[in-house]
Amino acid sequence: MLKKNEVYRSEITDLTSEGSGVCHIDEIAVFVPNTAIGDVLDVKIVKVLKNYAFGIIDKNITPSPDRICDNCGVYSKCGGCLFRHISYEAECRTKQSIVENAFRRIGGLEPVFEDFCSSENISHYRNKAQYPLANINGKAVCGFFAPRSHRLIPVTNCNLQPEIFTDILEFVLNYINEKKISAYSENDNTGLVRHIYLRQGAHSGEIMLCIVARKDISRQLSALCSQIVSKFPKIKSIILNINPDKTNVILGNKCITLFGSDTISDTMCGNMIEISPLSFYQINTFQAEKLYAKALEYAEPSQNDVIADLYCGAGTIGLSMAHMTKKIIGIEIIPEAIENAKSNALHNNISNAEFYCGDAGKIFGMLRSKGCSPDIIVVDPPRKGCSQETLDLIADAAPRKIIMISCNPATAARDAKILSSLGYSTDKVSGFDLFPRTGHVECVVLMSRKQNDVI
């Protein structure tokens, strides 16, 4: 057995999606953070469990050729990026391996794994950022929480965010401190400003500034609106979101528009898209367009097909396919997103799209009972994947194809395995990097109805 605090020499042979390297000592898997495949290390064991252990680097004997110098001053503290210490090429190889391993080990599946789609931009690519606030040494500061904690690491110039976000953040923080508007305290649910939340249209350049507060502070922010819009004319919307609850959920249910429009606009796959504070919208616009193009390639719809778009968000995926098919049916649980989806269809003169608000499984079940029988189902679930009820309904609908877009290869592989038992083959999987330098990886999955299950 490995012993805590003992040092062992070993080589890192794999990386996990949590960013830890994996080595094997006495046939036990040991997870070591901040390592790279090919590192030969002296590893100090810090925790031993029944089947695996955790270690830290005691000494790097032979550094991996994948290692690079990171260019972020808070990388080791923030926890947002996991792969800034290795080359981007090595990161993409790791992410492709994460996708393949999930489908092979979790799903027991062997689809065609297509070439991994890397991102052209690996910095300043995010169109959205949410910065929690805290009071440190009598001043309101913002940043990100350290891993597995709510200890704030002050940051305004994150390398993943548009550079203009830094300038806007610092302007807002200066205003908050000058006006002595208090930062929120999680410990006792006091203070006012909880988060500064920014969105930008990658094509349009339009910016939404959303300030999340514990109660209505419209009067305290009135001077900010005129000042900041004069300084940053790309700001087209300023929203106050009120979240009075003692919770780690960022946004509350009430939004007050302090300046401009309730939404900002952007272009996705040639369609004009309206984005509200509560809308789901892919973080990396240019990569998302490639991802949706792959989904369209897999779907290969005809003019007579009906497509059901489950977890449709603001309708971006379905609307990108609407011109090639008979009808789009979108389902989403967030009311504001459904309103955006309806507006997006209207503004793009798309008349063959219908959108319904509610739980994907329940609404789809209701539509099925009324005779809805889609030829293709597109599903883009949250990280937890689809419920068994939803998967059963999808299989019962017997579409010709299922296109799954997932931000979690593990749950995608699990759901594909379940659908395999319900009559669907997993034909192709394509990995996409929408979040360079982080541990997140997306994939698009093509499933088709098995021939002996044709109804």
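Our subject is the structure listed above.
In this text the structure is predicted, and so the values were computed from the model without any measurement.

## Regarding the overall build of the protein
Stage number 1. Each helix and strand in the protein was counted, giving 10 helices and 23 strands.
Stage number 2. Taken over 455 residues, the protein has a buried fraction of 55%.
Stage number 3. Each charge sign in the protein was given a centre, from 49 positive and 50 negative side chains, and these centres are 6 Å apart.

## As for the nonpolar core
Stage number 1. Ranked by internal contacts, the top residues of the largest apolar core, which has 86 residues, are L133, I228 and I403.
Stage number 2. What I228 contacts, discounting residues up to four positions off in sequence, is I168, F171, V172, L209, I235 and I238.

## Some thoughts on helix α8 (residues 360-369)
Stage number 1. Among the residues of α8, those classed as buried are A360, G361, I363, F364 and L367.
Stage number 2. Packed against the buried residues of α8 are β17 (306-310), β18 (327-332), β19 (353-357), β20 (376-379) and α9 (388-397).
Stage number 3. One side-chain oxygen of the residue at the start of α8 lies 3.1 Å from the amide nitrogen of G361, identifying that residue as D359.
Stage number 4. Within two residues after α8, G371 carries a phi angle of roughly 100°, on the positive side.

## What about a nonpolar patch on the surface?
Stage number 1. On the surface, V46, L49, Y52, F54 and I56 cluster together into a nonpolar patch covering about 360 Å² of accessible area.
Stage number 2. In terms of residues, the nonpolar patch owes the most to one element, strand β6 (residues 52-62), which gives three residues.

## Details of the packing of aromatic side chains
The description of an aromatic ring pair rests on the distance of the ring centres and on the angle between the ring planes.
Stage number 1. Summed over the entire model, instances satisfying the criterion amount to five aromatic pairs.
Stage number 2. Taken together, a centroid distance of 5.9 Å and an interplanar angle of 85° make the contact between F171 and F232 edge-to-face. Here F232 lies in the loop between α4 (218-231) and β13 (235-242) and F171 lies in helix α3 (residues 163-178), a separation of 61 residues in the sequence.
Stage number 3. Looking at F232, the relative accessible area reads 8%, which means it is buried.
Stage number 4. Counting every residue linked through ring pairs, the aromatic cluster contains F31, Y52 and F54.

## Looking at the packing of α9 against helix α10 (residues 409-421)
Stage number 1. Following both chains from N to C, one finds α9 and α10 inclined at 45°, their axes separated by 10 Å at the closest point. What the angle tells us is that α9 and α10 run oblique. By crossing handedness, the relation of α9 to α10 is classed as right-handed. Along its contact with α9, which presents Q388, L391, I394 and A395, the element α10 presents D415, I418 and L419.
Stage number 2. Grouping the constituent residues of the contact of α9 with α10 by class yields five nonpolar, one polar and one charged.

## Observations concerning the layout of surface pockets
Stage number 1. Considered as a void within the structure, the second largest pocket measures approximately 200 Å³ in volume.
Stage number 2. Taken together, 14 residues make up the lining of the second largest pocket; nearest its centre are H124, Y125, R126, A202 and F286.
Stage number 3. In terms of residue class, the lining of the second largest pocket is made up of five nonpolar, eight polar and one charged.

## Points about the pairing of strand β8 (residues 128-136)
Stage number 1. Here β8 pairs with strand β11 (residues 193-200) via five bridges, running antiparallel. Bridge pairing in β11 places A129 opposite L198.
Stage number 2. Direction of pairing for β8 relative to strand β9 (residues 139-145): antiparallel, over a ladder of four bridges. Bridging from a neighbouring strand, N135 pairs with A140 of β9.
Stage number 3. Where β8 folds back on β9, the antiparallel hairpin that results is connected by two residues, among which N137 adopts a positive phi of roughly 55°.

Conventions we followed
Residues numbered from 1 in each chain as written. Predicted model: local features only at pLDDT ≥ 70, side-chain atom pairs only at ≥ 80, totals over all residues. Heavy atoms only, no water. Helix = DSSP H or I, 4+ residues; strand = E, 2+ residues; numbered from the N terminus. Buried < 20%, exposed > 50% of the residue type's maximum accessible area, 1.4 Å probe, protein only. Lys, Arg positive; Asp, Glu negative; His and termini not counted. Charge placed at Lys NZ, Arg CZ, Asp CG, Glu CD. Core = buried A, V, L, I, M, F, W, Y, C linked by side-chain atoms within 4.5 Å. Contact = heavy atoms within 4.5 Å. Polar contact = N/O pair within 3.5 Å; in protein donor to acceptor, adjacent residues only side chain to side chain. Patch = residues over 30% accessible without salt bridge, like charges linked within 9 Å, V, L, I, M, F, W, Y side chains within 5 Å. Areas by Shrake-Rupley, 256 points an atom, 1.4 Å probe, with all protein chains shown as cover. Salt bridge = Lys/Arg side-chain N within 4 Å of Asp/Glu carboxyl O. Phe/Tyr/Trp six-rings, centres within 6.5 Å; stacked < 30°, edge-to-face > 60°. Axes fitted to C-alpha atoms, helices over the stretch in contact; angles between N-to-C directions. Parallel < 35°, antiparallel > 145°, perpendicular 65-115°, else oblique. Left-handed = near helix turned anticlockwise from the far one by under 90°. Nonpolar A, V, L, I, M, F, W, Y, C, P; charged D, E, K, R; others polar. 1 Å grid on protein atoms, 1.4 Å probe; cavity = no way out; pocket = protein on both sides within 12 Å on 5 of 7 lines; lining within 4 Å. Points joined across faces, edges and corners; volume = space filled by probe spheres on them. Pairing = 2+ DSSP bridges.

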